[in-house]
Amino acid sequence: MPQNHLTILTGASRGMGLAMAQQLLKSGNTLICIARSANPDLALEAKAAGVTLEQWQQDLSQGEQAAHQLQAWLNAQGPQAFASATLINNAGVIPRIAPLSASDAADLANALRVGLEAPMLLTAAFLAATESWTVPRKVLNISSGLGRRAMASQAAYCAAKAGMDHFTRCVALDEAIKPHGAKVCSLAPGVIDTDMQVQLRGADPAAFPDRQNFANLKTGGQLTSPADAATRVLAWLERADFGTNPVADVRDA
């Protein structure tokens, strides 16, 4: 029986995604990172740790390409290649912060493609290619509290995350009736000190009524570091009850 555990991770070039990738560089792991750009430091860390790492440079606004590549790669590995297989859909973007009436069509389309369409396509490809695998399989979708509560000037991001939550609920129902169904969860990781938070704090107050709330999170020391957030998310992934609740928050008990 193979002892190698496969993880496929999107958005691994920076922020919490990079922190998760770094923490997954442990003996016995194989890591596939999908992002627009490769991270040379991550490659060096993987080499030093003796871990198999592939970095696929793929713009996730072209989700079909990424999904086809993933499905073909998994089909080539076969059902006996790994002791477990996990997909983490972490990538997401915030379009220009503005009311929907003042938003750019291409910007909105990009946010929805990266934040919702790509995770759905990659999940479909992952589940299809590993359908016959009898090893444990998991899909972890990185959601947000904004998928569960509305915010002005955030329609595209909120919609993408709400869609992610709901498609995860649907997939959980699909997989529950299969003999070796995957466990799936859409997890909100808490508020994290990333470039996305910088973007929110730097928005025009006239266009973004909640700007001061995000500034207060920073000055009040309420933001989690990317490394700490990654640790909590990966710990959730290892929980014995992972997937029991298909939509969860890392701050839940």
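As shown above, the structure is provided for reference.
All values reported here derive from a predicted model rather than from experimental measurement.

Draft legend 1. Here's a closer look at the side chain of Asn39. Inspection of the secondary structure assignment puts Asn39 in the loop between β2 (29–35) and α2 (40–49). Its relative accessible area of 12% is what places Asn39 among the buried residues. A polar atom in the side chain of Asn39 sits 3.3 Å from the backbone oxygen of Ser13. Each residue touching Asn39, except ones within four places of it in the same chain, is listed here: Ser13, Leu18 and Gln55.

Draft legend 2. Fine view of the packing of helix α1 (residues 15–24) against helix α8 (residues 226–237). Relative to each other, α1 and α8 sit at 60°, their axes nearing to 8 Å. For the element pair α1 / α8, the angle class is oblique. Regarding α1 and α8, the two cross each other, and that crossing is right-handed. Of the residues in α8, those in contact with Gly15, Met16, Ala19, Met20, Gln23 and Leu24 of α1 are Pro226, Ala227, Ala229, Ala230, Thr231, Val233 and Leu234. Its residues assigned to classes, the contact of α1 with α8 comprises 10 nonpolar, three polar and no charged.

Draft legend 3. Fine view of the sheet that holds β2. Spatial strand order, β3-β2-β1-β4-β5-β6-β7: seven strands in an open sheet with parallel pairing. Every interior strand has two partners, whereas the edge strands, β3 (52–57) and β7 (247–249), have only one. Direction aside, the axes of adjacent strands within the sheet are offset by 20° on average.

Calculation notes
- Residues numbered from 1 in each chain as written.
- Predicted model: local features only at pLDDT ≥ 70, side-chain atom pairs only at ≥ 80, totals over all residues.
- Heavy atoms only, no water.
- Helix = DSSP H or I, 4+ residues; strand = E, 2+ residues; numbered from the N terminus.
- Buried < 20%, exposed > 50% of the residue type's maximum accessible area, 1.4 Å probe, protein only.
- Polar contact = N/O pair within 3.5 Å; in protein donor to acceptor, adjacent residues only side chain to side chain.
- Contact = heavy atoms within 4.5 Å.
- Axes fitted to C-alpha atoms, helices over the stretch in contact; angles between N-to-C directions.
- Parallel < 35°, antiparallel > 145°, perpendicular 65-115°, else oblique.
- Left-handed = near helix turned anticlockwise from the far one by under 90°.
- Nonpolar A, V, L, I, M, F, W, Y, C, P; charged D, E, K, R; others polar.
- Pairing = 2+ DSSP bridges.

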